[in-house]
Amino acid sequence: MTTTVADLGRAARTAAAELAVRTRAEKDAALHAMADALVANAAAIIERNAADVERARESGTAEAMIDRLRLDDQRIAGMASGLRQVAGLPDPVGEVCRGYTLPNGLQVTQRRVPLGVVGIIYEARPNVTADAAGLALKSGNAVLLKGSSSAAASNEAIVGVLSAAVESAGLPGAAVQLVAGGHDQAKELMRARGLVDVLIPRGGAGLIRSVVEESTVPVIETGVGNCHVYVDADADLAMALQILLNAKTQRPSVCNAAETLLVHAGVAAEFLPAALAALRDAGVTVHGDERVRGYDDAVAPATDDDWAAEYLSLDLAAAVVDTLDDAVAHIRRWGSGHTEAIVTRSLDASRRFAATTDSAAVMVNASTRFTDGEQLGFGAEIGISTQKLHARGPMGLPELTTTTYVVTGDGHVRG
């Protein structure tokens, strides 16, 4: 018998009601069981993943996307480590956000509670499957996972392992479920209002736009990462070069990799020749404005498409700006509101940059690659929100809760 999204949603709601009252110790035990199960079943998961990778290559998928898809022992160990880190984090459920007593004697507390059933629609990154499952479970939520068809075999294997581990730990296996199928099933998930409490898309601009526009379920919008590194007039240029190379080349296929370099005109003549040579040695193709191209004939001309691009590859747009405000203006026009970095020794410049770029994260003298839940101490993350309602930036455990008011009286009635 075919299992519909509605069937999965009803099972998830039952599981969510049970999870909401489970203790931290019970949830943490399940997380450790999930981590152990991933490691124990790594060979089988990698075998299934290899089939997905081969299909992706045969279909001409870009290497950046294949890198996101590929699993190995190290990445699976990282997934397991993320689950264990989440187990070690404080449980947000039950946390009192505020409490007070009214003049009439009513006691009011606002407490964190789970969202309920969380749906995740994501592309070609099977590590998201474990991250999302772990964060949802720790925060008392059931999760419905809809990965892309390109990772179907990987996700089926991972969810099978995780769900069995959850059940072995005494929690409902339906707390972690896979939504199999293609676009029709994704659309069912988007329309499952009343069964799914919130939907989180993770992927490219097309996927995110589709979920935001078509879903009747409330959506937490995650955004693409057109991230900038701005080298200020007061920058330590050796530091700036180190940060730039890390932000661009450490892992270019992810959303917190730098896509645009902006250099203050006051340091361009000293910084750009060394930076362009280092980028070239690292295999980066630079797309620059006329002023950048004046320092290196190998720089390709930049177009509006380059300023707007989330390359996810060893490509970088670059421009020279006359002031910090010009850098900010460029970012506000072309950026995606994800992460911006400034390299400067000026406290005033760093404060102005942070106050005016209007992004989910701002790095001061640090790589854009730190916009990541694990790097910021959250354990794994469920996504990076670029919207302004409910959650913004890396979303960890508190962002997977809402609140409820508990009002305690002693026979109080309203007159």
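The rules we used
Residues numbered from 1 in each chain as written. Predicted model: local features only at pLDDT ≥ 70, side-chain atom pairs only at ≥ 80, totals over all residues. Heavy atoms only, no water. Domains from an automatic or database assignment. Contact = heavy atoms within 4.5 Å. Buried area = accessible area lost by both parts, 1.4 Å probe. Salt bridge = Lys/Arg side-chain N within 4 Å of Asp/Glu carboxyl O. Helix = DSSP H or I, 4+ residues; strand = E, 2+ residues; numbered from the N terminus. Buried < 20%, exposed > 50% of the residue type's maximum accessible area, 1.4 Å probe, protein only. Pairing = 2+ DSSP bridges. Core = buried A, V, L, I, M, F, W, Y, C linked by side-chain atoms within 4.5 Å. Polar contact = N/O pair within 3.5 Å; in protein donor to acceptor, adjacent residues only side chain to side chain.

Domains assigned within the protein chain are domain 1 (5-221 + 390-408) and domain 2 (227-375). The C-alpha-based centres of domain 1 and domain 2 are spaced at 33 Å. At the junction of the two partners, domain 1 supplies nine residues and domain 2 supplies twelve residues. Across the domain 1/domain 2 interface, buried area totals approximately 900 Å², and carbon plus sulfur atoms make up 44% of it. Considering only the side of domain 1, the residues that lose the most area to domain 2 are Arg68, Arg392 and Pro394, jointly responsible for 49% of the buried surface there. Our enumeration of links across domain 1 and domain 2 arrives at two salt bridges. Between Asp67 and Arg251 there is a salt bridge, with its nearest N and O atoms 3.5 Å apart. Secondary-structure elements contributing two or more residues to the side of domain 1 that touches domain 2 are α4 (63-69), α5 (73-87) and β15 (393-394).

Attention now goes to the pairing of strand β11 (residues 315-321). Within β11, seven of the seven residues are buried, which leaves the element mostly enclosed by the surrounding structure. Of the two faces of β11, the one carrying Asp315, Ala317, Ala319 and Val321 and the one carrying Leu316, Ala318 and Val320 are both buried. In this sheet, β11 lies alongside strand β8 (residues 258-264) in parallel orientation, the contact comprising five bridges. Within β11, the residue paired with Leu261 across the bridge is Ala318. The sheet contact formed by strand β9 (residues 285-288) and β11 spans four bridges and is parallel. What sits directly across from Val286, in β11, is Leu316.

Glancing now at the nonpolar core. Counting 69 residues, the largest nonpolar core has Leu38, Ile120 and Leu162 as its most contacted members. Excluding its chain neighbours within four sequence positions, the residues that come into contact with Leu162 are Met34, Leu38, Leu83, Thr129, Ala130, Ala133 and Val176. Counting residues in each nonpolar core, the second largest holds 30 residues, with Leu244, Leu279, Val320 and Val343 among its members.

For Arg345, the position within the fold is in the loop between β12 (339-343) and α15 (347-356). By relative accessible area, which is 63% here, Arg345 ends up exposed. Here the alpha-carbon distance between Arg345 and Asp234, two residues 111 residues apart in the chain, equals 5.5 Å. With residues up to four places along the chain from it excluded, the contact list for Arg345 reads Asp234, Ala235 and Asp236. Polar contacts involving the side chain of Arg345 include one to the main-chain carbonyl oxygen of Ala235, which spans 3.2 Å.

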